[in-house]
Amino acid sequence: METVEDPDTLYVRERIPLMDRLVEMNLLVDEMYPRKPRHWIDQPPPEKDLELGIGKKAAWHTPIHREAVKRALQEWL
């Protein structure tokens, strides 16, 4: 459940297999490109936005992907 709120928590040894599986299922992006201000015309995207499921190193593809995993976990637990 911690990963649902903050995808960066996957970057520990024990959770790498889970991260790999979520990436395989196209639920998570684990390769975030640098978000430097000079690459943006307007405001750069936030470095981290947990409300949308965006971390520094990983992000859910969309908030609905995150919500689907959250609901599946709630039913399973």
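Just above, that's the structure.
Below or above, wherever it landed, is the structure these notes cover. Within each chain, residues carry numbers counting from 1 in the order of the written sequence. Where local features are concerned, this predicted model is filtered to residues with pLDDT of at least 70; where side-chain atom pairs are given and counted, the filter is 80 or more; whole-chain, interface and lining totals use all residues. Only hydrogens and water are removed before side-chain values are computed, so all heavy atoms of the structure are retained for them.

**A closer look at the packing of aromatic side chains**
Geometrically, a pair of aromatic rings is defined through the distance of the ring centres and the angle of the planes. We count it as follows: Here a Phe, Tyr or Trp ring, Trp counted by its six-membered ring, pairs with any other such ring whose centre lies within 6.5 Å, and the pair is stacked when the planes are under 30 degrees apart, edge-to-face when over 60, and tilted otherwise. Whether a charge lies above a ring is judged from NZ of Lys or CZ of Arg, which has to be within 6 Å of the ring centre and within 35 degrees of the ring normal.
Within the structure shown, the criterion is met by 0 aromatic pairs. Over the aromatic face of Tyr 11 sits the side chain of Lys 57, whose NZ or CZ is 5.3 Å from the ring centroid.

**Description of the side chain of Asp 6**
Going by this rule: Helical segments are the DSSP runs of H or I of at least four residues, strand segments are the runs of E of at least two, and each set is numbered from the N terminus. Burial classes: relative accessible area under 20% of the type maximum marks a residue as buried, over 50% as exposed, and values in between as partly exposed (1.4 Å probe, protein chains only). Residues count as neighbours in contact if any of their non-hydrogen atoms are within 4.5 Å of one another.
As for its position among the elements, Asp 6 is in the loop between helix 1 (2-5) and helix 2 (16-24). Using a relative accessible area of 16% as the deciding quantity, one classes Asp 6 as buried. Those residues in contact with Asp 6, other than ones at most four positions away along the chain, are Lys 48 and Leu 50.

**Focus: the pattern of salt bridges**
Close approach of charged atoms lets side chains of opposite charge pair. Put simply, the rule reads: Take a side-chain nitrogen of Lys or Arg and a carboxyl oxygen of Asp or Glu: if they are within 4 Å of each other, that pair is a salt bridge.
Summed over all chains, the structure comprises 7 salt bridges. Between Lys 56 and Glu 47 there is a salt bridge, and its shortest N-O distance comes to 3.0 Å. Among the ionic pairs, Arg 71 bridges to Glu 67, the shortest N-O distance being 3.4 Å. With Arg 71 and Glu 67 both in helix 3 (residues 63-76), this residue pair falls 4 residues apart, about one helical turn. Judged by its relative accessible area of 52%, Arg 71 is exposed. With a relative accessible area of 31%, Glu 67 lands in the partly exposed category. The network of salt bridges with common partners includes Asp 6, Asp 8 and Lys 48.

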